[in-house]
Amino acid sequence: MPSLPKPNPSRRRFLKQSTLAALASTLAPSRSLHADPSTPQPAAKTRAPLTPGAFYPLPLGSIRPLGWLRDQLQIQANGLSGHLDEIWPDVGPNSGWLGGSGESWERGPYFLDGLIPLATLLDSPRLKAKAQKFIDWTLTHQASTGIIGPATNDDWWPRIVMLKALTQYHEATAAPRVLSVLDRYLRYQLAELPRRPLRDWGKFRWQDNLLTVLWLYNRTGSPYLLDLARLLHTQGYDWLAQYANFQYTQRITPEFIHLSEGNGLKDLALATHGVNNGQAIKTGPVWSQVSGSQSDRHAVLVMLAALDKYHGLPNGMFSCDEHFAGLDPSQGSEFCTVVEAMFSIEHSLAILGDPSLGDRLERLAFNALPGTLTDDMWAHQYNQQPNQVECSLHHKPWTTDGPESNLFGLEPNFGCCTANFHQGWPKFAASLFFLSGAPDTDTNDGLVAAVYAPCELRTLLRGTPIHILEETSYPFRGTVRITVNPASPLNFPLQLRIPAWAAAATLTVNGKSEPSPTPGTFATLTRTWQSGDRVELVFPLVPRISRWFHDSLAIERGPLVFSYGIGESWVKLRDRGLTADWQVFPTTPWNYALNVDPANPANSIAVTETPVGPAPFTRQGAPVHLSVKARKLTEWRAEDGAANPLPPSPVTTTEPEETIQLIPYAAAKLRITAFPLCKS
Ligand SMILES: [Zn+2]
């Protein structure tokens, strides 16, 4: 029998209007904010006997976006994320997760998993109110058995997603009821799993269930949670074995997984499924906290190496359209996989403390994530391609997806991404800093700048309120300025990730040079910090190349990948309420081979910087352009709306030399990213 909703002080806190305070702090960034009563709760460290990670995530709300990142989240709130429930019945008032008779599976929880952090980071009463309805219904309709969610199904999978939403809600509000609901549900799961084991999606995504089990254990210490962790591991798919001997090295065909025989939910199909693998990236690190095994912990690096080797693409993704699709940059990656891979890497980065995972996370966040959305974030693709020469209803080379998969729209191909993409930007923003330190003492606690974007942080170190202001136009510029404002002088280490590409980076504190930081490490500044201390990092952004399918080239600068922006003609296919579905056709040639010196790429690439405005991932607002010499390659053509495989480089062409402009990957919705190289 469901209990009645009760007034809840945390609910009011989640909904409180504090826009003016947020605005004031943005306008007066150097203002001392130590006395701010809104300093969030401290991070929960790893509780014994779990093996601690290198770093600990900070509770949602500790980090707030500023500058272009805040603008980007505001674009998201003004777009589909802030209005989806108004136009898409699957998360509308008849949702099963609001007690209605509508969609009762993954879509409500997916939406909430991104809406809660978006609402929190923007401190938006409008978005908080939308999220609160789902939270209230879930918290007040727990069955007497302990199960949560719509009574029309008992599938473990959608509940795994709702657990993630509830943990974020608790971090943002400290609502005590969340802990008791989670506790009752997870006790129910432990009792129920032996007779109703994980299956289908839940079996392949058990590591996300484990995440919440460990989250609660770190807060309550209830021993049954460790039993549940082991049971999930026993019943869940063995991802570590899959990658210890990786067999899926080729493009997966429908025949290979016997799709026509209705085998979509069989192990072979689920093991080669993009989103499942994106979620699986975190398996080793998260499980290593229980197993204590170093090889489990490092399994994430083994996984990423295999994905790169056999399915890697220049935008930081692996191909999955929607099963593994090989190295050809005309293959696609599903949007859900982008945001799930990001979420996996955020957790893996915290647990391993490996700076290469920060490089990877930025590559996804600054390229693949915005690259699959329209500028206003009202429409998205299901599949994006690094070499994307047309978004149309033509037959495309997808492994198993349908003809609308790379259209920009409300729910092209299938609506999972429509519900799930909202988590991408907010969870990235919430992962800019981590806490460091030993699990059982706060003596050596410190802070870690893991990935870079403009933000401010409020947290507690050894009981002392700390405010940190990060001012930067990174990734479009290479300078990061961090002002440290402890409430009273405090000695602690501040670790700063130095990307592997950042040769000749410089680091100063209050204008005084520190030793040159080493690329691919964390630089550590341990000192007694005084309010107003200023750290400045400068990463020289020198254009460089990377090599891909058929020895093709991609041009990079810092964490940004650059593309040739093909002329675009947007043709509306159909209206979809407040949004629409679009095809995009090319209006200019695209079949260029680059004429650069691979040994000294910077010598043949000219950089033009323009001011960083409020929409830097758009063609009009792109703050960086690269000029590069190129020649057309007449034999490289498109078929059925997709570029044919690139001719192996180097290539010979007698076409005249031209200068073409490259823009950030995400700014070009039609693009060439992997280019053939002209023979010198
Ligand atoms: Zn999807």
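Residues numbered from 1 in each chain as written. Predicted model: local features only at pLDDT ≥ 70, side-chain atom pairs only at ≥ 80, totals over all residues. Heavy atoms only, no water.

### Remarks on the packing of aromatic side chains
For the structure shown, the criterion picks out 36 aromatic pairs. With 6.3 Å between their ring centres and 70° between their planes, tryptophan 206 and tryptophan 287 make a pair best called edge-to-face. Of this pair, tryptophan 206 sits in helix 10 (residues 206-220) while tryptophan 287 sits in helix 15 (residues 283-291); the two residues are 81 residues apart in sequence, bridging distant segments of the chain. A cation over a ring is seen here: arginine 205 above tryptophan 157, with NZ or CZ 4.5 Å from the ring centre. A cation sits over an aromatic face here: arginine 671 above tyrosine 665, 3.9 Å from the ring centre. (Phe/Tyr/Trp six-rings, centres within 6.5 Å; stacked < 30°, edge-to-face > 60°. Helix = DSSP H or I, 4+ residues; strand = E, 2+ residues; numbered from the N terminus. Lys NZ or Arg CZ within 6 Å of the ring centre and 35° of its normal.)

### As for the nonpolar core
Membership of the largest hydrophobic core comes to 206 residues, with the highest contact counts inside it found for Trp425, Phe428, Phe433, Leu494, Leu496 and Phe539. When residues in this core are grouped by element, the largest group, 12 residues, is from helix 17 (residues 335-352). Each residue touching tryptophan 425, except ones within four places of it in the same chain, is listed here: Trp68, Leu69, Gln72, Leu73, Gln76, Ala365, Phe366, Leu369, Pro370, Met377 and Phe617. (Core = buried A, V, L, I, M, F, W, Y, C linked by side-chain atoms within 4.5 Å. Buried < 20%, exposed > 50% of the residue type's maximum accessible area, 1.4 Å probe, protein only. Contact = heavy atoms within 4.5 Å.)

### Re helix 15
Of all nine residues that make up helix 15, eight are buried, and the element is covered over most of its length. Those residues of helix 15 lying buried are Thr283, Gly284, Pro285, Val286, Trp287, Ser288, Gln289 and Val290. In the stretch just after helix 15, glycine 292 is the one whose phi turns positive, near 75°.

### Some remarks on the side chain of threonine 212
Tracing the backbone shows threonine 212 in helix 10. Sequence-distant contacts of threonine 212, defined by excluding residues within four places in its chain, comprise Leu163, Lys164, Thr167, Leu182 and Leu186.

### Some details on the sheet that holds strand 10 (residues 490-498)
What the five strands build is an open sheet, ordered 1-5-6-10-13; its pairing is mixed. Edge positions in the sheet fall to strand 1 (55-57) and strand 13 (521-529), since each has one partner strand and no second. Averaged over neighbouring strand pairs, the angle between their axes works out to 30° when direction is ignored. In the sheet, strand 5 (residues 433-436) pairs with strand 6 (residues 446-449) via four bridges, with the strands oriented antiparallel. Bridge pairing in strand 6 places serine 436 opposite glycine 446. Strand contacts of helix 18 (residues 355-371): strand 10 and strand 13, with the helix running at about 60° to strand 10, the strand carrying the most contacts. (Pairing = 2+ DSSP bridges. Axes fitted to C-alpha atoms, helices over the stretch in contact; angles between N-to-C directions.)

### Here's the deal with the coordination of the zinc ion
Here the zinc ion is held by Glu334 (OE), Cys336 (SG), Cys416 (SG) and Cys417 (SG), and the distances to it run 2.1 to 2.3 Å. For the zinc ion, all donor residues lie on one chain, and their spacing in sequence is E-x1-C-x79-C-C. Here cysteine 336 is found in helix 17, whereas its partner cysteine 416 is found in helix 19 (residues 416-420), with 80 residues between them in sequence. Given the relative accessible area of 6%, cysteine 416 is considered buried. (Donors = N, O, S within 2.8 Å, 3.2 Å for Na, K, Ca; no water.)

### Description of the confidence of the model for the chain
Looking at the chain as a whole, its pLDDT mean stands at 94, while 94% of the residues score no less than 70. A low-confidence stretch, residues 17-37 stays under pLDDT 50, and its non-local contacts, those more than four residues away or across chains, total 23 contacts. (pLDDT = per-residue confidence, 0-100.)

### Observations regarding the pairing of strand 19 (residues 579-586)
The sheet contact formed by strand 18 (residues 568-576) and strand 19 spans eight bridges and is antiparallel. What sits directly across from lysine 572, in strand 19, is tryptophan 582. A loop of two residues connects strand 18 with strand 19, the two strands running antiparallel in sequence, and glycine 577 in this loop sits at a positive phi of about 65°.

### Observations regarding the packing of helix 5 (residues 107-122) against helix 6 (residues 125-140)
What describes two packed helices is the angle between their axes and the distance between those same axes. The geometry of helix 5 relative to helix 6 is characterised by a closest axis approach of 9 Å and an angle of 140° between their N-to-C directions. The orientation of helix 5 with respect to helix 6, classified from their angle, is oblique. In this structure, helix 5 crosses over helix 6, and the sense of that crossing is left-handed. Judged by residue contacts, Gly108, Phe111, Leu112, Leu115, Ile116, Leu118, Ala119, Thr120 and Leu122 of helix 5 engage Leu127, Lys128, Lys130, Ala131, Phe134 and Ile135 from helix 6. When its residues are assigned to classes, the contact of helix 5 with helix 6 shows 11 nonpolar, two polar and two charged. (Parallel < 35°, antiparallel > 145°, perpendicular 65-115°, else oblique. Left-handed = near helix turned anticlockwise from the far one by under 90°. Nonpolar A, V, L, I, M, F, W, Y, C, P; charged D, E, K, R; others polar.)

### Points about unusual backbone geometry
Residue glutamate 322 is reached from aspartate 321 by a cis peptide bond, and omega for that bond is 0°. Residue proline 475 follows tyrosine 474 across a cis peptide bond; omega there is 10°. Structurally, proline 475 can be placed in the loop between strand 8 (464-472) and strand 9 (479-486). Even without a glycine there, the phi angle at histidine 258 is positive, about 55°.

### Examining the pairing of strand 9
Among the eight residues that make up strand 9, six are buried, leaving the element largely enclosed by the rest of the structure. By the bridge criterion, seven bridges tie strand 8 to strand 9 in an arrangement that is antiparallel. Among the inter-strand pairings, threonine 472 is bridged to a residue of strand 9, identified as valine 480. Across six bridges, strand 9 lies against strand 14 (residues 533-538) in antiparallel orientation. Paired with threonine 479 across the two strands is valine 538, which belongs to strand 14.

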